[in-house]
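# Report on the structure
As a plain string of letters, each chain reads:
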Amino acid sequence: MDPVINLSPPISYPIYPTPLSSKDFDLNTDPSLTACETLPYRGNMRLQDAHSEKELPMPPQRVSPFSPVTSVLRYRVHDNYSVGQVLLMLVYTGIIFYVSFYQSDPFTDPGRAGAVITSQVPFVYALATKNNIIGMMVGAGYEKLNFLHRLVGSLMVIGANVHFLGYVYAWSLHDTVYENLADPYVRWGILALVCFDLLGFGSTEFVRSRSYNLFLVTHIVGLIVFLFAACYHDPSCVPYVITAIVVYAIDHIARIVKTHITTARLHPLPELGITRVEVPSLNAGWCAGQHVRIRVLSSSMGWWGWSEVHPFTIANTTHTPEGVVLMCKKTGRWTSNLFNMAQTFSYGKRGKEVGRYVSIVVEGPYGGVGHIMMSSYSGALFVVGGSGISFALSAVQDLVRAGGDSHIRIIDIVWCIQDPASLSPLVTQLASIVEKGTNMRVRVHVFYTRAISATFDGIILPRGITLLPGRPRLDELLDAVVTGTMSAGGTNGVFVGVSGPVTLANTMVRVVNDFDGGLRTAVGGVELHEETFGW
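This one's a predicted model, so the numbers in the text were calculated from it and none came from an experiment.

How each quantity is defined
- Residues numbered from 1 in each chain as written.
- Predicted model: local features only at pLDDT ≥ 70, side-chain atom pairs only at ≥ 80, totals over all residues.
- Heavy atoms only, no water.
- Helix = DSSP H or I, 4+ residues; strand = E, 2+ residues; numbered from the N terminus.
- Buried < 20%, exposed > 50% of the residue type's maximum accessible area, 1.4 Å probe, protein only.
- Contact = heavy atoms within 4.5 Å.
- Areas by Shrake-Rupley, 256 points an atom, 1.4 Å probe, with all protein chains shown as cover.
- Phe/Tyr/Trp six-rings, centres within 6.5 Å; stacked < 30°, edge-to-face > 60°.
- Axes fitted to C-alpha atoms, helices over the stretch in contact; angles between N-to-C directions.
- Parallel < 35°, antiparallel > 145°, perpendicular 65-115°, else oblique.
- Left-handed = near helix turned anticlockwise from the far one by under 90°.
- Nonpolar A, V, L, I, M, F, W, Y, C, P; charged D, E, K, R; others polar.
- Patch = residues over 30% accessible without salt bridge, like charges linked within 9 Å, V, L, I, M, F, W, Y side chains within 5 Å.
- Salt bridge = Lys/Arg side-chain N within 4 Å of Asp/Glu carboxyl O.
- Pairing = 2+ DSSP bridges.
- Core = buried A, V, L, I, M, F, W, Y, C linked by side-chain atoms within 4.5 Å.

### Things to note about the overall build of the protein
In terms of regular secondary structure, the protein is built from 18 helices and 16 strands. Residues counted as buried form 47% of the 535 residues belonging to the protein. When contacts within the protein are restricted to residue pairs at least 6 apart in sequence, those whose partners lie at least 24 apart make up 76%. Accessible area for the protein stands at about 26600 Å²; split by element, carbon and sulfur atoms hold 60% of it.

### What about the packing of aromatic side chains?
Evaluation of the coordinates by the stated rule reveals twelve aromatic pairs. Summarising the aromatic geometry, the rings of Tyr 142 and Tyr 366 are spaced 5.7 Å apart at their centres and angled 90° between planes, so their arrangement reads as edge-to-face. You can see Tyr 142 sitting in the loop between α6 (133-138) and α7 (146-173) and its partner Tyr 366 sitting in strand β10 (residues 356-367), a full 224 residues away along the chain. Centroid distance Tyr 167 to Trp 171: 5.8 Å. Interplanar angle 40°. Geometry classified as tilted. Taken together, the positions of Tyr 167 and Trp 171, both in helix α7 and four residues apart, correspond to about one turn of that helix.

### Topic: the environment of Ala 128
Relative to the helices and strands, Ala 128 resides in the loop between α5 (121-126) and α6. Taking C-alpha positions, Ala 128 is 8.9 Å from Leu 145, a pair spaced 17 residues apart along the chain.

### Here we look at the environment of Ala 522
Mapped onto the fold, Ala 522 is located in helix α18 (residues 517-523). For Ala 522 and Gly 490, which are 32 residues apart along the polypeptide, the C-alpha to C-alpha distance reads 9.5 Å.

### Topic: the packing of helix α16 (residues 474-487) against helix α17 (residues 502-513)
Running from amino to carboxyl end, α16 crosses α17 at an angle of 55°, the nearest separation of the two axes being 10 Å. If you check the angle between α16 and α17, you find them oblique. Judged by the twist between their axes, the crossing of α16 over α17 is right-handed. Residues Leu 474, Asp 475 and Leu 478 of α16 touch α17, and the partners they reach there are Leu 504, Thr 507, Met 508, Val 511 and Val 512. Of the residues belonging to the contact of α16 with α17, the class tally is six nonpolar, one polar and one charged.

### So, a nonpolar patch on the surface
The grouping of Trp 188, Leu 191, Val 217, Ile 220, Val 221, Ile 224, Phe 228 and Tyr 232 at the surface amounts to a nonpolar patch, some 770 Å² of accessible area in total. For the nonpolar patch, the elements supplying multiple residues, two or more each, are α9 (184-202) and α11 (212-233). Take the nonpolar patch: its biggest share by element is six residues, from α11. Looking at the element boundaries, Ile 220 is found in helix α11.

### Brief notes about the sheet that holds strand β16 (residues 526-532)
Spatially, β14-β13-β12-β11-β15-β16 is the arrangement adopted by the six strands of the open sheet, whose pairing is parallel. Both outer strands of the open sheet, β14 (465-469) and β16, are each paired with one neighbouring strand and no more. Pairs of neighbouring strands in the sheet enclose a mean axial angle of 15°, with direction left out of account. The pairing of strand β11 (residues 379-385) with strand β12 (residues 410-417) spans seven bridges and is classified as parallel. Considered in β12, the bridge of Ala 380 is made with Ile 411.

### Thoughts on the nonpolar core
Met 327, Phe 382, Ile 389, Ile 411 and Trp 415 are the most contacted members of the largest nonpolar core, which totals 43 residues. Elements with a minimum of two residues in this core: β7 (324-329), β11, α14 (389-402), β12, α15 (427-436), β13 (441-448) and β14. The contacts of Trp 415, once residues within four sequence positions are left out, are Leu 272, Val 384, Gly 385, Gly 386, Ile 389, Ser 422, Leu 423, Leu 426, Leu 430, His 445, Val 446 and Phe 447. Counting residues in hydrophobic clusters, the runner-up holds 30 residues, among them Leu 127, Ala 192, Phe 196 and Ala 229.

Below, the structure is given as structure tokens:
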């Protein structure tokens, strides 16, 4: 019989003794919500209290002398921007401003601004590609470099307007505005400027979050028209435009090669508000943590929904009967339509069943953990929120399958959900992962953060899975993984993967940065990888 959640037997860990109101906990102000038992594998004494520094293992080569610097660079200063990203943006902006204004006045020499933005055309197009050449060199997916694409694009919009206004000012001094505006090359320049301003407006967070189709249309139209307008405006732009076209063409050829039109099965998971998408025809060709972009070819997705492309992290490992598995959280119009489609009845091998088969376009895979080899670490901690469990599922399954070929000895999954009922659809799969970890110790800790209106007296869960109320104490959980790894003899470092909302990623970054330096050195270092929700 499959392990299930029920409400009858007593439980042996903390739970609320009285009925809870149907509301969200204030996780930032109520410390009682984070109280939980000491985890089974962790003693009451920390290793740093039991051993002197001389007795701790010597640091392996994985520990870098620049760790204090990298910790500072990872520190968050605003939303999803780290200190390192902000410094890189400031340096890039400083270079652009230097070459634009050094010994030059935009009102007397407006051509300088035009030359600078022209030089940036290949870069902004290269950073917009999914098969990113720059990302391949630094071991980062296109989504990790998107902040640079937005920065370069913003600088080009500003530069284009400075370029145009500088000429208008100069023409005004000589009272030749209308004569110059009648020149064909000037009109082509104005068209290029309109494209830039349209791109700038469509790229704002307000437009992206409320009308992604408008963002997409303005980008496609603006980027294509701009290339022609720039060449007719000034022939010196031709080499830069050709470079951008070549880079963009190579990217689209690679995307075509990576694209498959196939049939997928949709199955709803109401407890999670997730649509499970299975693509049996695709069962190889990706690594843990990578994502694909899908388009659902059905009129049920709405007038334009069939044309939309959305990215989702692959939730399983390769060579399985169900093929690629995606877990699509119902968060907007498109994903809501997908969920509604999955709730319809269809007839399959077992007769009438919930779910349906649809034609989809799958493009990818992309992203992932880059040059990091998770199996080379001695321990791993995965902190995920909601549908971010997809990242942990694929990564842990891959590590468990590696078995003796992996150095991993300790794996902990920390999953934050709103309702404990959300655990039900995945409890069997999580239990299977725990049982298959014969060469390593795998544990799953599920925390629910919303009070429930009905009381329950107990929960039966498989061995290795715990369910606790409140917000997890991530610092204690990381400490437990590190000390557990060292107790198991591991000194190759601990990998920490976080997938979920930006706030969860920011919290984990702070926890890793503030982690005890002695334990960090003794275990061989703590490496952090982030996957955050959003465009």
